Amino acid sequence: MLCWTIATSVVIAENENPVLFNGSFTVTNEGGKFQVGFVEIDFKKNSLPDGIDSITFNAQIYAENGNIYIDFSPDAQFKKDVHLRCLGYEGYIYDRSAGINIFVKLKKQQLKTDHFSRFIWAR
C-alpha cells in the first residue's frame, strides 16, 4: 500500500466540474515513461510478464473520503519494479464519496512496485 502525506480542506462549489486525472498508455517490452496528471510511471526494459508483448493500461487519480487514490486497470504483475513518482501537486481533485472537489497538497514522493492495482495516498 502506498501512503503519502496530504493536507486537505473541503471546497464547496456546486457548479464546479469534477477535477479528475485520467490517462491511457501502452507499455511494450521496451519500457518507457508515461505521465498521468501529476504522476510519472516508469517501466524498465523487459518489465512485462513472460509471453506478453504489450499492455494498454488505464489510470485514474481521484479522491474518496478525503484520501487520494491512483487506480490502474487492468491489474498486472511485472518482472521488474515499476517506478511511480508523484511530481507534487497543489490544487483541487474530485472526492467521489463527497461529490465535491477538495483542495490537496502533495509533496514529491516515489514508490517502486512489482504490481498494479489501486494505491492510496493517505493523510
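Numbers given to residues run from 1 along each chain, matching the order in which its sequence is written. A pLDDT threshold of at least 70 governs which residues receive local features in this predicted model, and a stricter bar of 80 or more applies before side-chain atom pairs are shown or counted, although totals over entire chains, interfaces and linings include all residues. As a convention, hydrogens and water are excluded, and side-chain values are obtained from all of the structure's heavy atoms.

Draft legend 1. Broad picture of the packing of aromatic side chains. A pair of Phe, Tyr and Trp rings is counted when the ring centres sit within 6.5 Å of each other, with Trp represented by its six-membered ring. The angle between the planes then sorts it: under 30 degrees is stacked, over 60 is edge-to-face, the rest tilted. Counted according to the given criterion, the structure contains 16 aromatic pairs. Between Phe43 and Phe78, the ring centres sit 5.5 Å apart and the planes meet at 75°, which makes this aromatic pair edge-to-face. Note that Phe43 is positioned in strand 4 (residues 39–43) and Phe78 in strand 6 (residues 67–86), a separation of 35 residues in sequence. Members of the aromatic cluster, connected to one another through ring pairs, are Phe25, Phe34, Phe43, Phe57, Phe72, Phe78 and Phe116. We note Arg96 situated over the ring of Tyr62; from NZ or CZ to the ring centre the distance is 3.5 Å. The rule is short: NZ of Lys or CZ of Arg within 6 Å of the ring centre and within 35 degrees of the ring normal puts a charge over the ring. For Arg118, the ring lying beneath its charged end belongs to Tyr69, and the centroid distance is 3.7 Å. The helix count covers DSSP runs of H or I at least four residues long, the strand count covers runs of E at least two residues long, and both are numbered beginning at the N terminus.

Draft legend 2. Representation of the pairing of strand 6 in the model. Pairing between two strands is assigned when DSSP locates at least 2 bridges connecting them. Where strand 4 and strand 6 come together, four bridges link them in antiparallel fashion. By the bridge assignment for strand 6, Glu40 is matched with Arg85. If you look at the hairpin formed by strand 5 (residues 54–64) and strand 6, you'll find two residues sitting between the two strands, and Asn65 has a positive phi there, around 55°.

Draft legend 3. A look at the nonpolar core. Ranked by size, the top nonpolar core spans 31 residues in total, and within it Phe25, Ile41, Phe43, Phe57, Ile61, Phe72 and Phe116 carry the most contacts. Put simply, the parts of the chain that give this core at least two residues each are strand 2 (21–28), strand 3 (32–36), strand 4, strand 5, strand 6, strand 7 (89–95), strand 8 (100–106) and strand 9 (109–121). For this core, the element with the highest residue contribution is strand 6, accounting for eight residues. Contacts of Phe25, omitting those with residues within four sequence positions, involve Phe34, Val36, Ile41, Phe43, Ile55, Thr56, Phe57, Ala59, Phe72 and Phe116. Only buried Ala, Val, Leu, Ile, Met, Phe, Trp, Tyr and Cys residues count toward a nonpolar core, and they belong to the same one when joined by side-chain atoms within 4.5 Å. Throughout, exposure labels follow a simple rule: accessible area from a 1.4 Å probe, protein chains only, divided by the maximum for the residue type, with under 20% read as buried, over 50% as exposed, and the rest as partly exposed. When checking whether two residues touch, look at their non-hydrogen atoms; a contact exists if any pair is within 4.5 Å.

Draft legend 4. A look at the pattern of salt bridges. One side-chain nitrogen of Lys or Arg within 4 Å of one carboxyl oxygen of Asp or Glu is enough to make a salt bridge. Scanning the entire structure with this criterion turns up six salt bridges. Arg85 serves as the salt-bridge partner of Glu40, at 2.9 Å between the closest nitrogen and oxygen. Highlighted residues: Glu40 in strand 4 and Arg85 in strand 6, separated in sequence by 45 residues. Across the pair Asp50 and Lys79 runs a salt bridge whose closest N-O atoms are separated by 3.1 Å. With Asp50 in the loop between strand 4 and strand 5 and Lys79 in strand 6, the pair connects residues that are 29 residues apart, well separated along the chain. For Asp50, a relative accessible area of 64% puts it in the exposed group.

Draft legend 5. Highlighting the environment of Pro74. Counting through the fold element by element, Pro74 comes out in strand 6. Placed 43 residues apart in sequence, Pro74 and Ser117 show a C-alpha to C-alpha distance of 7.7 Å. Filtering out sequence-adjacent residues up to four positions away, Pro74 remains in contact with Ile55, Thr56, Phe57 and Phe116.

Draft legend 6. Representation of the environment of Thr26. Structurally, Thr26 is set in strand 2. Taking relative accessible area as the criterion, Thr26 reaches 41% and is therefore assigned partly exposed. For Thr26 and Ile55, which are 29 residues apart along the polypeptide, the C-alpha to C-alpha distance reads 5.5 Å. Those residues in contact with Thr26 that lie beyond four places of it in its chain are Phe34, Ser54, Ile55 and Thr56. Polar contacts here mean pairs of N or O atoms no more than 3.5 Å apart (in protein, one a potential hydrogen donor and the other a potential acceptor; neighbouring residues in sequence count only if both atoms are side-chain atoms). Looking at Thr26, its side chain comes within polar contact range of the side chain of Thr56, at 2.7 Å.

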